[in-house]
Amino acid sequence: MLRARRSITLRGQKALMFFQPRDIAEALDIRGRMGADVTPVGGGTDLIVALNRSGTRPKHFLDLSRIAGYSDIWKEDGTCVLAGGATFSALGRLSVRAL
């Protein structure tokens, strides 16, 4: 059985499970078991966007931000490579000039 890291309740609605996997294998397992019932988010901003979106609210959340390497930025062959969770503020701290 899957266990959520947290459970949150919004304005009297049914409790939402909030999964926070530590690695990609765990995230894929949760997504595979829950399918469309779990909405992947990349942190707090994505969470707020998902909650404010008109229409149906997500049933549960899969927070990817705690996965090792999710927000990494590194240089490879002279090119900056950004992982999917790299934030705009992290980009502003790079020691290279951009645009």
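What counts as what
- Residues numbered from 1 in each chain as written.
- Predicted model: local features only at pLDDT ≥ 70, side-chain atom pairs only at ≥ 80, totals over all residues.
- Heavy atoms only, no water.
- Salt bridge = Lys/Arg side-chain N within 4 Å of Asp/Glu carboxyl O.
- Helix = DSSP H or I, 4+ residues; strand = E, 2+ residues; numbered from the N terminus.
- Buried < 20%, exposed > 50% of the residue type's maximum accessible area, 1.4 Å probe, protein only.
- Pairing = 2+ DSSP bridges.
- Arc of directions from axis to C-beta.
- Contact = heavy atoms within 4.5 Å.
- Polar contact = N/O pair within 3.5 Å; in protein donor to acceptor, adjacent residues only side chain to side chain.

## What to know about the pattern of salt bridges
Applying the stated criterion to the full structure yields two salt bridges. With a closest N to O distance of 3.0 Å, Asp-29 and Arg-33 form a salt bridge. With Asp-29 and Arg-33 both in helix H1 (residues 24-34) and four residues apart, this pair spans about one turn of that helix.

## Side note on unusual backbone geometry
The backbone of Asp-77 sits at a positive phi, close to 55 degrees, despite the residue not being glycine. Mapped onto the elements, Asp-77 comes out in the loop between strand S5 (73-76) and strand S6 (79-82). Under the relative-accessibility criterion, Asp-77 is labelled exposed at 80%.

## Quick look at the pairing of S5
Judged from the four bridges that link them, S5 and S6 form a sheet pairing that is antiparallel. Across the sheet, the residue bridging to Ile-73 is Leu-82, located in S6. Between S5 and S6, which follow one another and run antiparallel, lie two residues, and Asp-77 among them has a positive phi close to 55 degrees.

## Details of H1
Those residues of H1 lying buried are Ala-27, Ile-30 and Met-34. Take H1 and look down its axis: the buried residues cluster within an arc of 65 degrees, on one side only. Exposed and oriented more than 90 degrees from the buried face of H1 are Ile-24, Ala-25, Leu-28, Gly-32 and Arg-33. Packing partners of the buried residues in H1 comprise strand S2 (16-19), strand S3 (38-41) and strand S4 (60-63). Measuring from the side-chain oxygen of the N-cap residue of H1 to the backbone nitrogen of Ala-25 gives 3.2 Å; that N-cap residue is Asp-23. Following H1 by one or two positions, Gly-35 has its phi on the positive side, about 55 degrees.

By themselves, these observations are geometric and do not establish any function.
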